[in-house]
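# Report on the structure
Residue-level listing of the chains:
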Amino acid sequence: MAAQRNRSDRSALVLLCLFLGMPREVEARQIRYSVPEELEKGSFVGNISKDLGLEPRELAERGVRIVSRGRTQLFALNSRSGSLVTAGRIDREELCAQSSRCLVNFNILVEDRVKLFGIEVEVTDINDNAPKFQAENLDVKINENVAPGMRFPLPEAVDPDVGVNSLQSYQLSPNKHFTLAIQSRANGVKYPELVLERALDREEEALHHLVLTASDGGDPLRSGTVLIIVTVFDTNDNAPVFTLPEYRVSVPENLPVGTQLLTVTATDRDEGANGEVTYSFRKLPDTQLLKFQLNKNTGEIKISENLDYEETGFYEIEIQAEDGGAYLATAKVLITVEDVNDNSPEVTITSLFSPLMEDSPLGTVIALLNVHDLDSGQNGQVTCSISGNLPFKLEKSIDSYYRLVTYRALDREQVSSYNITVTATDGGSPALSTGIHFTLQVADINDNPPTFSDISYFTYIPENNPRGASVFSVTALDPDSKENARVIYSLAEDTIQGAPLSSYISINSETGVLYALQSFDYEQFRDLQMQVTATDSGDPPLSSNVSLSLFILDQNDNAPEILYPCLPTDGSTGIELAPRSAEPGYLVTKVVAVDRDSGQNAWLSYRLLKASEPGLFTVGLHTGEVRTARALLDRDALKQSLVVAVQDHGQPPLSATVTLTVAVADSIPDILADLGSLEVRHDSDASELTLYLVVAIAAVSCVFLAFVIVLLALRLRRWHRSRLLQASGSGLVGVPASHFVGVDGVRAFLQTYSHEVSLTADSRKSHLIFPQPNYADTLLSQESCEKKDPLSLLDDSKFPIEDTPLVPVSSIFTLLLSFKKLSLVLLLGFQHDDGKFLYFFHFSLFQRPLLLAKTFKSRT
């Protein structure tokens, strides 16, 4: 069994196309094999792997398989040996009947390359069938008056084999009356005739037994026999005669059972029983014998089973007419079955490649389809189409195969699957069609980044939020699927006031929920700007960003802060001066406050919460200005205590208070005159400290007095000398009264320079104030309230001195030494409660005022 291969130029063209990178499927080359019939299952037919250019193991790897249309599979592939083998016993006669060549055609598909190879296997005949007659016995009736040379047709034997294995010769057993003649029909079929050589004599021999043997030319030789019984009848010299030697009729295949096809007629000129003609099928295979029914008396032929053009399109029937005298006549009936469009096309999916990647190039093969229609001619011409506006098209392949390929780009996010209907329609009238449905799944690739619903987001959060509070939630959608659609959220790296953004805000990578890691303070910063990144889990990953603005809402968490008057750390209050001559509406001082909050949380209002003299002072609601409500009277107390409340408009409102002490006097000397009336708080520690301080002051005073006495003595001496010198002249010139001034002189001296000392009597805070025009309207900064060196007051007299511990004065020593160009005032004060004491020196030296202050602190 040798494989016959087509080595023509077409094969060279195929190889050239493959080498140049042309499309995978080109015209398939034909591979031919031959194999004898009746081989055992698994018998070798041909080395298909070699003829396909593949290794045996590649048959399974490349999906090599046999594809055929609607028939029993006669051959199979042995993937181990790479051979084409028989799938079972093959009977050539059953497969191809009397055809001279029996060819079996099918296709082999190399699935990974979607390439088809045509296979043609010729099944050769072996001498497995002996010639066979239709009947074992044959009765031949001959009248005795038949003249020698008369021929009597005999039934031929049937041998399904072909060629030399078919029927080759007939032999008749030896006898003295008959010989055998072999005739040939137009189609080449040989049939025997019994030839009467010698006249018969019924009286001599009424029955003759002959044996007819049919032999083929095979090896070994096979033969079949039939027993011929010749009955000699009395004289009947006319045989039946058919009106036509051949009867032809064409009928459609869809005729109902019982329909009459035609009537054959034969006549016999004899009379009586010798002229009565009966009809019968002379030669008809068993399969055809069931299809037709013959009325033996009338010659009518009817259909007894449905005809099928696709099964048999032509019938040749031989009808025999026999009279009562044993004369026979034969005629042929040729029945042509016409095809009608009674078969819908058949569509078979040979290969389906699903799922298909959405980025597949145009022209990618999706499915390989086979179409077939059992009808013939125009009824069997099939066209295929697909319904709907789909991105696919059908391309004709070899034989009756179609390829379904892409011709537009696919996008899984728009259409994830396609329900495809392929319709096959034949060319009959009316046309018949068949549809086949299948689903193509589109596989996803990571071609879409996550997208946010908005280009930017903003949200609000009140300050003082708890740590870990949820701030906002962002959501990004990815139209891809599975891992390509799983979104991971993150924050872009950034810094806020030198700290990384991640220390303020965190984001849940799975849900996109943002959390506050700190409690925000509106007064620290009012908004946070950040970038949220959404990244999918594809390969490579895709991402997108969106800006998020987080605005912090102010809460009323800061009470008003009073800038002026500044509150000392020891809790004492300042003293403001209001002259007794002040008119109603006189500006005493101004309370200045700020609130670190914003909006209405920072709107401040001022009100007088408490006053020692109700109705004497008023406070501006929005300005904080402390003004006199009426004129000051002599009966009004020297010290007026005011409690001013500053309140914001937040919810709930917060407030702060400040206590003001207003001294009602026209000048500092007036205050000093009344200082003795201030109450002083004593305790045991303060009394002891006072004793030490008095002793120290007394010692210093003694030294100073001694110095003053010496100076006075020197001065008196000079004065005395000058009096003596002037006594003789113009007379005594009096000394100016201003050179000798007592306590009243000190007061007048202080009034001359309009310096005011504001001392506290009840608190632990004192102020040294140098009045300036509109001093209460000046907004003081926080830094102006810090402790300063006492000497710095000489250079900056516009600001009150805070945090300078001044105490009620328990002892005041006022010394005045007046010279012509020198005056001296010494003020000494001390504080009993915490060991602080202060000296004030007020000099008028060469008519230039100088104030020196020194603070001492001692601890017991």
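Everything in this summary refers to the structure shown in the same document. These numbers were taken from a predicted model, which means no experiment stands behind them.

### Observations regarding the sheet that holds strand 13 (residues 190–196)
Strand order across the open sheet formed by three strands is 10-13-12, with antiparallel pairing between neighbours. Edge positions in the sheet fall to strand 10 (151–153) and strand 12 (178–184), since each has one partner strand and no second. Within the sheet, the average angular offset between the axes of one strand and its neighbour, ignoring direction, is 35°. As judged from the three bridges shared by strand 10 and strand 13, these two strands associate in the antiparallel manner. Within strand 13, the position partnered with P153 by the bridge is E193.

### Overview of the nonpolar core
Ranked by internal contacts, the top residues of the largest apolar core, which has 28 residues, are F452, V474, I505, L514 and F520. Counting only elements with at least two residues in this core, the list comes to strand 34 (456–462), strand 35 (470–473), strand 37 (487–491), strand 40 (505–507), strand 41 (513–516), strand 42 (527–536) and strand 43 (543–553). Y247, L262, L307 and A331 belong to the second-largest nonpolar core, a separate cluster that totals 26 residues.

### Looking at unusual backbone geometry
Following S354, the chain continues to P355 via a peptide bond in cis, the omega torsion being 5°. Structurally, the position occupied by P355 is in the loop between strand 25 (346–352) and strand 26 (356–357). Here the bond from D539 into P540 is cis, since omega is 0°, no more than 30 degrees from zero. Examined against the element boundaries, P540 turns out to sit in the loop between strand 42 and strand 43.

### So, the state of the cysteines
Cysteine pairs can be linked by a disulfide, which is a covalent bond between their two sulfur atoms. For the structure on display, the rule yields one disulfide. Here C96 engages in a disulfide with C102; their sulfurs sit 1.9 Å apart. The sign of the 60° torsion about the S-S bond sets the C96-C102 disulfide as right-handed. In this structure, C96 and C102 share a single accessibility class: buried.

### Some remarks on the sheet that holds strand 22 (residues 300–303)
Strands sit in the order 18-22-21 across an open sheet of three strands; the sheet is antiparallel. With one partner strand each, in any of the chains shown, strand 18 (260–263) and strand 21 (292–294) form the two edges of the open sheet. Between one strand axis and the next, the sheet turns by 20° as a mean value, whatever way the strands run. When strand 18 meets strand 22, the two strands line up antiparallel, connected through three bridges. Bridge pairing in strand 22 links L262 to I301.

### Looking at the packing of aromatic side chains
Counted by the stated rule, this structure contains 11 aromatic pairs. With a centroid separation of 5.5 Å and an interplanar angle of 85°, the aromatic rings of Y504 and F525 are classed as edge-to-face. Placement of Y504 in the loop between strand 39 (499–500) and strand 40 and of F525 in the loop between strand 41 and strand 42 is noted, with a sequence separation of 21 residues between them. Judged by relative accessible area, Y504 falls into the buried class, the value being 5%. You can call F525 buried: its relative accessible area is 8%. Taken together, the aromatic side chains of F452, Y457 and F472 make up a single cluster linked through ring pairs. The ring of Y402 has K396 sitting right over it, with the charged end atom 5.4 Å from the ring centre.

Conventions adopted
Residues numbered from 1 in each chain as written. Predicted model: local features only at pLDDT ≥ 70, side-chain atom pairs only at ≥ 80, totals over all residues. Heavy atoms only, no water. Pairing = 2+ DSSP bridges. Helix = DSSP H or I, 4+ residues; strand = E, 2+ residues; numbered from the N terminus. Axes fitted to C-alpha atoms, helices over the stretch in contact; angles between N-to-C directions. Core = buried A, V, L, I, M, F, W, Y, C linked by side-chain atoms within 4.5 Å. Buried < 20%, exposed > 50% of the residue type's maximum accessible area, 1.4 Å probe, protein only. Disulfide = S-S within 2.5 Å. Phe/Tyr/Trp six-rings, centres within 6.5 Å; stacked < 30°, edge-to-face > 60°. Lys NZ or Arg CZ within 6 Å of the ring centre and 35° of its normal.

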